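The residues making up each chain are set out below.
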Amino acid sequence: MLIGLLTAVVASICYGTGSVLQAVGSRKSARREAAAGLTTQHGGPSLSSTAKAAMTWEFIVGTVLDFVGFGLGALAARMLPLFLSQTVISANLVVTAVLSVRMLGIRLTRAEWTSIGVVCSALVLLATAAGAEGSGHTPIATHWWLLAVSLLLMVGGTVVVRLLGARAAILAGLLSGLGFGALGVGVRVLNGVDPFDPGALLTDPALYAVLVAGVGGMYLHTVALQIGSVNGATAALVVGETVLPGMIGVLWLGDASRPGFAWLAVVGFVLAVAGAVAVAWFGEPEGGPSPAVAHEEPGELARIG
């Protein structure tokens, strides 16, 4: 339990640090492309804009940290109940908010500091109440369903987001969160990992659900960062990444709290999600930007992975 918890915390730190760098790269690229008139007819970022955002050095370094966070998060998802691992990882919002004070010159309001305190306290409650993680053994049909749902959410969602353009920030955030949530579920049910069996791993539909959900979630997250202020989008991402996977873990995968501590787990989970949403929602920077991001548009720079 302790090793899994530490793994999830380090994953959260990687995601949170990467989010600041990704946001800087995404916004700079979006601003240049908008000045050149290279947006879609609906006002959203073009595929070219998104590709160029991914080629900035800030975004590349942030992506490397994301990959490290992904590996550690996947490990944590197999070592902890999903309601704990996904919630700890979603707390990268707190890491982002704190780092923004130092790296981006952003001042946090009293409401934001209060929300951060709520999240930290809630994580302590969750860690105290969490019991053993479920086995993750599910029928192969469930793996096929996970792949089908992941494809529907990521491919269908991308089409809808592009049609909505600049109005799609919250939807893009929610879909990316659901993608990261599906990734966590896929990692938990994945066959051929323990013991390692390459044949079982490569023929498991859950592996491809993980890839689809991960890549799709990353793309939609990048789009959300490019569309104005993404406070609401980040809040939606937190909900998508934590609530549904946590429920699936309890209802279908055998995750449980310690005997007699179910109420504490529920309280901790609700407070953690509410606090993370509040960090995102109240995360509108005050004052001017730092020199590192001169002329940067205001907006939440948080990431969930």
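Being a predicted model, the structure only gives us computed values, none of them experimental. (Residues numbered from 1 in each chain as written. Predicted model: local features only at pLDDT ≥ 70, side-chain atom pairs only at ≥ 80, totals over all residues. Heavy atoms only, no water.)

### Some points on the overall build of the protein chain
The condition that has to hold: Secondary structure elements are taken from DSSP: a helix is a run of H or I of four residues or more, a strand is a run of E of two residues or more, and numbering for both begins at the N terminus. For every residue, the accessible area obtained with a 1.4 Å probe (protein chains only) is divided by the maximum for its type, and the residue is called buried under 20%, exposed over 50%, and partly exposed between those limits. Contacts are assigned to residue pairs that have any heavy atoms within 4.5 Å of one another. Computed by Shrake-Rupley with a 1.4 Å probe, the accessible areas treat only the displayed protein chains as cover when residues are assessed.
The helix and strand tally for the protein chain stands at twelve helices and zero strands. When the helices and strands of the protein chain are read in sequence order from the N terminus, they spell out α-α-α-α-α-α-α-α-α-α-α-α. Taken across its 305 residues, the protein chain has 54% of its residues classed as buried. Within the protein chain, contacts between residues at least 6 apart in sequence are counted, and of these 87% link residues at least 24 apart. If you sum the accessible surface of the protein chain, you get close to 13,100 Å²; carbon and sulfur atoms cover 74% of it.

### Comments concerning a nonpolar patch on the surface
Basically, it comes down to this: Surface patches are drawn from residues lacking salt bridges whose relative accessible area is over 30%; two like charges belong together within 9 Å, two nonpolar side chains (Val, Leu, Ile, Met, Phe, Trp, Tyr) within 5 Å. Salt bridge criterion: a side-chain nitrogen from Lys or Arg within 4 Å of a carboxyl oxygen from Asp or Glu.
Together, Met55, Ile60, Val64 and Val68 make up a nonpolar patch on the protein surface, roughly 370 Å² of accessible area in all. Relative to the helices and strands, Val64 resides in helix α3 (residues 57-79).

### Regarding the packing of helix α7 (residues 140-164) against helix α8 (residues 169-189)
To describe two helices that pack against each other, one gives the angle between their axes and the distance between the axes. For clarity, the threshold we go by: Axes, fitted as lines to C-alpha atoms, cover a helix only where it is in contact. Angles between the N-to-C directions of the axes lie from 0 to 180 degrees. In what follows, roughly perpendicular refers to angles from 65 to 115 degrees, roughly parallel to angles under 35, roughly antiparallel to angles over 145, and oblique to any angle outside these ranges. When the near helix sits turned anticlockwise from the far one by under a right angle, the crossing is termed left-handed; a clockwise turn instead gives a right-handed crossing. Any residue that is not Ala, Val, Leu, Ile, Met, Phe, Trp, Tyr, Cys, Pro, Asp, Glu, Lys or Arg is counted as polar, Gly included; the first ten are nonpolar and the last four charged.
At their nearest, the axes of α7 and α8 sit 10 Å apart, and the two run at 165° to each other. In terms of axis orientation, α7 runs roughly antiparallel to α8. You can see that α7 and α8 cross each other, and the crossing is left-handed. Residues His143, Leu146, Ser150, Leu153, Met154, Gly157, Val160, Val161 and Leu164 of α7 pack against Leu171, Ala172, Leu175, Leu178, Gly179, Ala182, Val185, Gly186 and Val189 of α8. Here the residues of the contact of α7 with α8 sort into 13 nonpolar, five polar and no charged.

### Quick notes on the nonpolar core
This is how it is decided: Put simply, buried Ala, Val, Leu, Ile, Met, Phe, Trp, Tyr and Cys residues joined by side-chain atoms within 4.5 Å make one nonpolar core.
Formed by 31 residues in total, the largest nonpolar core has its most connected members in Phe83, Leu84, Val119 and Leu126. Residue contributions to this core peak at eight residues, all from helix α12 (residues 262-281). In contact with Leu84, not counting residues within four places along its chain, are Met1, Leu5, Leu126, Ala127 and Ala130. Counting residues in hydrophobic clusters, the runner-up holds 18 residues, among them Ala74, Ala182, Leu190 and Ala213.

### Remarks on α3
Under the convention used in this document: By definition here, a helix of n residues has an expected span of 1.5 Å times n minus one.
Taking 1.5 Å of rise per residue, the 23 residues of α3 would be expected to cover 33 Å, and the 33 Å separating its terminal C-alpha atoms lies within 8% of that figure. For α3, every residue scored as buried is listed here: Glu58, Phe59, Gly62, Thr63, Asp66, Gly69, Gly73, Ala74, Ala76 and Ala77.

### Digging into the pattern of salt bridges
In total, this model carries one salt bridge according to the counting rule given. For Asp255, the salt bridge is made with Arg188, and the minimal N-O distance between the two is 2.8 Å. Note that Asp255 is positioned in the loop between α11 (231-251) and α12 and Arg188 in helix α8, a separation of 67 residues in sequence. On the basis of relative accessible area, Arg188 is assigned to the buried category, the value being 2%.

### A look at the side chain of Gln86
Tracing the sequence through the fold places Gln86 in helix α4 (residues 82-90). Not counting the four nearest positions on each side in its chain, Gln86 is found in contact with Phe180, Gly181, Gly184, Glu241, Thr242 and Pro245.

### What to know about the confidence of the model for the protein chain
We apply this condition: The pLDDT score gives, residue by residue, the confidence of the prediction method on a 0 to 100 scale.
With 80% of its residues at a pLDDT of 70 or more, the protein chain has an overall mean of 79. Within the model, the stretch residues 285-305 combines pLDDT values under 50 with 74 contacts to residues more than four positions away or in other chains.

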